[in-house]
Amino acid sequence: MDAQNRRFRAARVSKRFYRGRETAPSRSRLGTERSGQARLVDATGLISLYAYAMRRRDILLSAPALMALTADEKLAILGGSPVRKTPFPSWPVVGPGEEETLGKVVRSRRWNRNALTRTFEETWAKSLGARYCLATMNGTSALFAALNALGVGPGDEVIVPAYTFVATINTVLMCHALPVFVDTDPATFQIDARKVEGAISPRTACILPVHLGGSPADLDTILAVAAKHRLPVIEDACQAHFAEWRGKKVSTLGTFGAFSFQATKNLNCGEGGALISNDEGMYEAARSFHDCGRSHGRAAVEYISNGANLRMTDFQAGILLEQLTRLEQQSRVRESNARYLTSLLSKIPGIQPAKMHEGCTRNAYHLYMLRYDASKFGGLSREKFLKALSAEGVPCSPGYRPLNKEQFLETTFQSRGWKRLYPDIRRNECPENDRLCQEAVWFTQNMLIGPKEDMDQIAEAIRKIGLHWS
Ligand SMILES: Cc1ncc(COP(=O)(O)O)c(C=O)c1O
């Protein structure tokens, strides 16, 4: 906010202050009816607020404006009372079953891949409506096993979104294949499926869409393009447990689907992953790769392919089986809370929740994502908005940076081996993604598993900031 703007604001807020004193009860600036009159900051409070204002001149209102603020209306970042004073639900939710299962594994002395891992694979496959599930040590290894089963290697290109977690890209690089970035759909924040076909070249070996934040990518378009060009699809469903596309669980529609069970995920065992397939040959190839290239069911020293040790342990599987008993109910609460939150946030100018593709019949809401328009918040930068919102007791983050512009990619592409393989790499520009990375705001999934009132508080905190700054 420049000096002129600040003076103008101060004048407007002061006007509101004087008006507020004449009318009681007043309609609060949060847009909800509150009883009682606007309260004045007492003299001592005013001095300390003014001192704070002097220290934080970059983001603060002027002194007359501060006088206008009541204790609960003044922004928490300016010393006011936060909208939310208690933490959001902690994650993960744990019961006695987790301890019991770990104890059983310890006592069994079978600490590697064993009966519990096989049970988890059967249970997870069944709950998704899939034929095969291969448990892995994390989501990265599930993707790595899938790419290797498909024979993706040096000289190949893999189509990836620009808006994703780095692991999606890392696994492609681990195969010495080239990630080809596709720009982001500004409305859904997912890979822009309309741009996938344009990214295909004779070197393309695979399409790797991500169901980011738990919201499915446009699988109708992606699967049609893949079929037309006879390309396999690996669905990165690492954030999309129980998400659905036209009534079918994501991960079951491509050649492979990969999950992560890392600590923050909606289904979690600290670190873990799984690969889903309905194709027996593909499943066997991935299974062999994840087990040092061994042949399933044959001698331990008989190898049918190259491979790695990507196996899950029974400790992880035991925890997953316990956590899985809560997933359906938690997912329903997330969906219902997210729907309600969207209805609240859609009314706030400058806040645009991510939309879903028409084919999405269930969003896993690993993340609640929205776009923030600073111009509707009096020019308050996203970074300051995030700080102000956090101070109101609503944890939030800016999300990803433009992955296609990361320096580590340049370093990789400039290395000796890569220059030999890909002498003239052209990195795609992704302008929509660049813009989204400057405007996005994220809430994490655990904020959606509490009562509906939590959503009211998120919306109230944003409205409070908006009313102070717009
Ligand atoms: C979209 C996406 N892909 C892949 C991964 C990799 O999973 P993991 O961390 O379990 O290796 C993650 C994990 O955060 C992810 O969010």
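Quick caveat: nothing in here was measured; it's all calculated off a predicted structure. (Residues numbered from 1 in each chain as written. Predicted model: local features only at pLDDT ≥ 70, side-chain atom pairs only at ≥ 80, totals over all residues.)

**Here we look at the overall build of the protein chain**
Stage number 1. Across its full length, the protein chain holds 15 helices and 13 strands.
Stage number 2. Considering only intrachain contacts with a sequence separation of at least 6, the fraction spanning at least 24 residues in the protein chain is 70%. (Helix = DSSP H or I, 4+ residues; strand = E, 2+ residues; numbered from the N terminus. Contact = placed C-beta atoms within 7 Å.)

**Concerning the nonpolar core**
Note that soluble globular proteins tend to have their nonpolar side chains buried in a common cluster.
Stage number 1. Counting residues in each nonpolar core, the largest one holds 119 residues, and the members touching the most others are Ala 145, Ala 146, Leu 147, Val 158, Ala 258 and Leu 275.
Stage number 2. Residues contacting Ala 258, with those up to four places away along its chain left out, are Gly 139, Ala 142, Leu 143, Ala 146, Ile 234, Asp 236, Ala 237, Cys 238, Gly 273 and Leu 275. (Core = buried A, V, L, I, M, F, W, Y, C linked by C-beta atoms within 7 Å. Buried ≥ 20, exposed ≤ 12 C-beta atoms within 10 Å, placed from the backbone.)

**Describing unusual backbone geometry**
As a rule of thumb, non-glycine residues mostly have phi less than zero, and peptide bonds are mostly trans rather than cis.
Stage number 1. With an omega of 0°, the peptide bond running from Trp 91 to Pro 92 counts as cis.
Stage number 2. Residue position: Pro 92 is located in the loop between α3 (63–67) and α4 (96–108).
Stage number 3. A positive phi angle, near 50°, is found at Arg 230, a position not held by glycine.
Stage number 4. Structurally, Arg 230 can be placed in the loop between α8 (219–228) and β5 (234–236).

**Digging into the packing of helix α6 (residues 139–149) against helix α9 (residues 280–290)**
Two measures define how a pair of helices packs: the angle their axes make with one another and the distance between the axes.
Stage number 1. Two elements in contact, α6 and α9, have axes whose closest approach is 8 Å; the angle formed by their N-to-C orientations is 120°. If you check the angle between α6 and α9, you find them oblique. As for the relative orientation of α6 and α9, their crossing is right-handed in sense. Along the contact surface, α6 presents Ser 141, Ala 145, Ala 146, Asn 148 and Ala 149, while α9 presents Met 282, Ala 285, Ala 286, Phe 289 and His 290. (Axes fitted to C-alpha atoms, helices over the stretch in contact; angles between N-to-C directions. Parallel < 35°, antiparallel > 145°, perpendicular 65-115°, else oblique. Left-handed = near helix turned anticlockwise from the far one by under 90°.)

**Some thoughts on α9**
Stage number 1. All buried positions along α9 are accounted for by Tyr 283, Ala 285, Ala 286, Arg 287, Ser 288, Phe 289 and His 290.
Stage number 2. The secondary structure elements touched by the buried residues of α9 are β1 (132–136), α6 and β9 (273–277).
Stage number 3. Two residues or fewer past α9, Cys 292 is found with a positive phi of approximately 65°.

**Quick notes on the sheet that holds strand β13 (residues 440–444)**
Stage number 1. Strand order in this open sheet of three strands is β10-β12-β13, and the pairing throughout is antiparallel. For this open sheet the edge positions go to β10 (351–353) and β13, each flanked by a neighbour on one side alone. Across this sheet, the average inter-strand angle for adjacent strands is 30°, counted without regard to direction.
Stage number 2. Summarising the sheet, β10 and strand β12 (residues 367–372) pair through three bridges and their orientation is antiparallel. The residue bridging Pro 353 from the neighbouring strand is Leu 370, located in β12. (Pairing = 2+ DSSP bridges.)

**With respect to the confidence of the model for the protein chain**
Low-pLDDT stretches of the model should not have their predicted coordinates read in fine detail.
Stage number 1. Residues with a pLDDT of 70 or more make up 84% of the protein chain, whose mean pLDDT is 88.
Stage number 2. Segment residues 1–69: pLDDT under 50, and 62 contacts once partners within four positions in sequence are set aside and those in other chains are kept. (pLDDT = per-residue confidence, 0-100.)

**Considering the site of the ligand**
Stage number 1. The environment of the ligand is made up of 14 residues, and the closest members are Gly 139, Thr 140, Ala 167, Cys 238 and Ser 260.
Stage number 2. Mapped onto the shell around the ligand, the elements with two or more residues apiece are α6 and α7 (166–174).
Stage number 3. The residue inventory of the shell around the ligand, partitioned by class, reads four nonpolar, nine polar and one charged. (Near = placed C-beta within 6 Å. Nonpolar A, V, L, I, M, F, W, Y, C, P; charged D, E, K, R; others polar.)

**Side note on the environment of Asp 218**
Stage number 1. Looking at the secondary structure, you find Asp 218 in the loop between β4 (204–207) and α8.
Stage number 2. Judged by local crowding, Asp 218 falls into the buried class, with 22 C-beta atoms found within 10 Å.
Stage number 3. Ignoring any residue separated from it by four or fewer positions in sequence, one finds Asp 218 in contact with Gln 190, Ala 193, His 357 and Gly 359.

**Here's the deal with α8**
Along an α-helix, residues three or four positions apart point the same way, because every turn accommodates 3.6 residues.
Stage number 1. Buried residues of α8: Leu 219, Ile 222, Val 225 and Ala 226, and no others. For α8, the buried positions fall inside an angular range of 135° around the axis, keeping them on one side. The exposed set on the far side of α8, more than 90 degrees from its buried face, consists of Ala 227 and Lys 228.
Stage number 2. Each element contacted by the buried residues of α8 is listed here: β4 and β6 (244–245).
Stage number 3. Following α8 by one or two positions, Arg 230 adopts a phi angle in the positive range, close to 50°. (Arc of directions from axis to C-beta.)

**Regarding the packing of helix α5 (residues 115–128) against helix α10 (residues 314–345)**
Stage number 1. Put simply, α5 and α10 touch, their axes get as near as 8 Å, and they point 40° apart. One element, α5, and the other, α10, form an angle in the oblique class. Taken as a pair, α5 and α10 cross one another with a handedness that is left-handed. Together, Leu 116, Thr 117, Thr 119, Phe 120 and Thr 123 of α5 and Asp 314, Ala 317, Gly 318, Leu 320, Leu 321 and Leu 324 of α10 make up the contact between the two elements.
Stage number 2. Residue composition of the contact of α5 with α10, grouped by class: six nonpolar, four polar and one charged.

**What about the sheet that holds strand β11 (residues 360–362)?**
Remark on secondary structure: sheet strands pair via backbone hydrogen bonds, oriented parallel or antiparallel.
Stage number 1. Strands sit in the order β7-β6-β11 across an open sheet of three strands; the sheet is antiparallel. Either end of the sheet is taken by a strand with one partner, and the two such strands are β7 (248–249) and β11.
Stage number 2. Sheet analysis places β6 next to β7, joined by two bridges and oriented antiparallel. From the neighbouring strand, Trp 245 faces β7, where its bridge partner is Lys 248.

**Quick notes on the environment of Val 93**
Stage number 1. Relative to the assigned elements, Val 93 resides in the loop between α3 and α4.
Stage number 2. In sequence terms Val 93 and Gln 330 are 237 residues apart; their C-alpha atoms lie 9.8 Å from each other.

**Notes on the pairing of β13**
Within a regular beta strand, the side chains point alternately toward one face of the sheet and then the other, so they alternate between its two faces.
Stage number 1. Across the five residues of β13, four count as buried, placing the element largely inside the fold.
Stage number 2. Pairing analysis gives five bridges linking β12 to β13, with the strands arranged antiparallel. Directly across from Met 369, in β13, lies its bridge partner Trp 442.

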